[in-house]
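These are the residues of each chain, in order.
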Amino acid sequence: MQDLEALKESLLAEAAQAADSAALEALRVSALGKKGRVTQLMKTLRGLSPEERREAGQRLNAVKDALTDALEARKASLAEAELEARLARERVDVSLPPRPRPLGRIHPISQTVEELVAIFGEMGFSVAEGPHIEDDFHNFEALNIPPWHPARQDHDTFYLPAGEDGERPVLRTHTSPVQIRHMQEVKPPIRIIVPGRTFRADSDATHSPMFHQVEGLVIDEATHMGHLKGTLIEFCRSFFGVEDLPVRFRPSYFPFTEPSAEVDIGCSREGGQLVIGPGKDWLEILGSGMVHPKVLANCGIDPNKYQGYAFGMGIERIAMLKYGIPDLRTFYESDLRWLRHYGFVPLEAPSLVRGI
Ligand code: PHE
């Protein structure tokens, strides 16, 4: 039993120096396992007198407890060191540049619609929408387009097979039917823009069977031609980002407006290059006019009390002019190279909401 202190010291020293959890386990087995050194000594207690057995038993138990504690302590400190090492090894260098991730582009049509909504939104317009498949009443009749009008002919308009009522639905040929739908539902004052798809049986370098328009409609008791002009001049200058952009109103004709005006913006074509701004030439960009009294009446609005203006333009056309896109057909080809070139990086695109 004299050697017991020495045994304890050497076991504790071994525990403190164990290199890893495997060494700790080996040490535990060699001391406290079935054939372990401490266990063997326990077995010798049987041959002693009761008094000696009690005393020696207590001392042996003390060795056992001290070793168990030492093994636990070493285990904990090994685990901690291991964690420290792992943290050091796996540290993330936050100063490294990120790996580039493929990023989509915003299509020029979407970008242009966003700009239109931002500009007219500033002026108090809200956005309205309507169906692509229309009936004759909303697309033509209520807009005062007579039955013999060339736009109604089969080679200009996509007609769908006749329904039970014998009427042929049409793919809307302009966004103007949404004017009608809105006036039928909402009492003036009205101040809306309607961006959306339109369809015409036409296909060449400057016409596509599907294209986009934006319609504008303002109806109240006091709006006059001066408001139409002011709003559209402001819009043209803001959209093209040219403060002194000349804007010209040219008398024109639409069945649904009276008087009607075509709107041109100034440009220069000197040296074969088109530049939007003050110059010798003009570019037509939109149609407009004071809403025809018959159209108001067709929608149940009293033309003696209410009046207002409407306008409509092609979204592809103004996008092509603003962003220098030469061919209309490329808008719908889904060519990723084209989109990477003409598309807009999300959050970086010029936005009048976020500021250019
Ligand atoms: N709907 C006309 C078109 O498609 C454009 C327009 C709208 C003209 C509103 C005047 C007023 O050509």
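Residues numbered from 1 in each chain as written. Predicted model: local features only at pLDDT ≥ 70, side-chain atom pairs only at ≥ 80, totals over all residues. Heavy atoms only, no water.

Break down the site of the ligand for me, citing the residues and quoting the values.
Neighbouring residues of the ligand: 14 residues in total, closest His-174, Ser-176, Arg-200, Gln-213 and Glu-215. Within the side chain of His-174, an N or O atom sits 3.1 Å from a nitrogen atom of the ligand. Within the side chain of Gln-213, a nitrogen or oxygen atom sits 3.0 Å from an oxygen atom of the ligand. In isolation the ligand exposes 320 Å². Once the protein is present, 89% of that is buried. The class makeup of the residues in the shell around the ligand is 4 nonpolar, 8 polar and 2 charged. (Near = heavy atom within 4 Å. Polar contact = N/O pair within 3.5 Å; in protein donor to acceptor, adjacent residues only side chain to side chain. Areas by Shrake-Rupley, 256 points an atom, 1.4 Å probe, with all protein chains shown as cover. Nonpolar A, V, L, I, M, F, W, Y, C, P; charged D, E, K, R; others polar.)

So, a negative patch on the surface: which residues are in play, and what are the values?
There is a patch of like negative charges on the surface, built from Glu-141, Glu-164, Asp-165 and Glu-167. Here Glu-141 shows up in the loop between α6 (136–139) and β3 (170–171). Given the relative accessible area of 47%, Glu-141 is considered partly exposed. (Patch = residues over 30% accessible without salt bridge, like charges linked within 9 Å, V, L, I, M, F, W, Y side chains within 5 Å. Salt bridge = Lys/Arg side-chain N within 4 Å of Asp/Glu carboxyl O. Lys, Arg positive; Asp, Glu negative; His and termini not counted. Charge placed at Lys NZ, Arg CZ, Asp CG, Glu CD. Helix = DSSP H or I, 4+ residues; strand = E, 2+ residues; numbered from the N terminus. Buried < 20%, exposed > 50% of the residue type's maximum accessible area, 1.4 Å probe, protein only.)

Give a detailed account of the packing of helix α2 (residues 21–32) against helix α3 (residues 37–44), specifying residues and quantitative values.
The packing of two helices is summarised by the inter-axis angle and the distance between the axes. The N-to-C vectors of α2 and α3 enclose an angle of 10°; their axes lie 3 Å apart at closest approach. As judged from the angle between their axes, α2 and α3 are roughly parallel. Every residue of α3 that contacts α2 at Leu-27, Ser-30, Ala-31 and Leu-32 is listed here: Arg-37, Val-38 and Thr-39. Here the contact of α2 with α3 is composed, by residue class, of 4 nonpolar, 2 polar and 1 charged. (Axes fitted to C-alpha atoms, helices over the stretch in contact; angles between N-to-C directions. Parallel < 35°, antiparallel > 145°, perpendicular 65-115°, else oblique. Contact = heavy atoms within 4.5 Å.)

So far we have only geometry, and geometry alone does not tell us how the molecule works.
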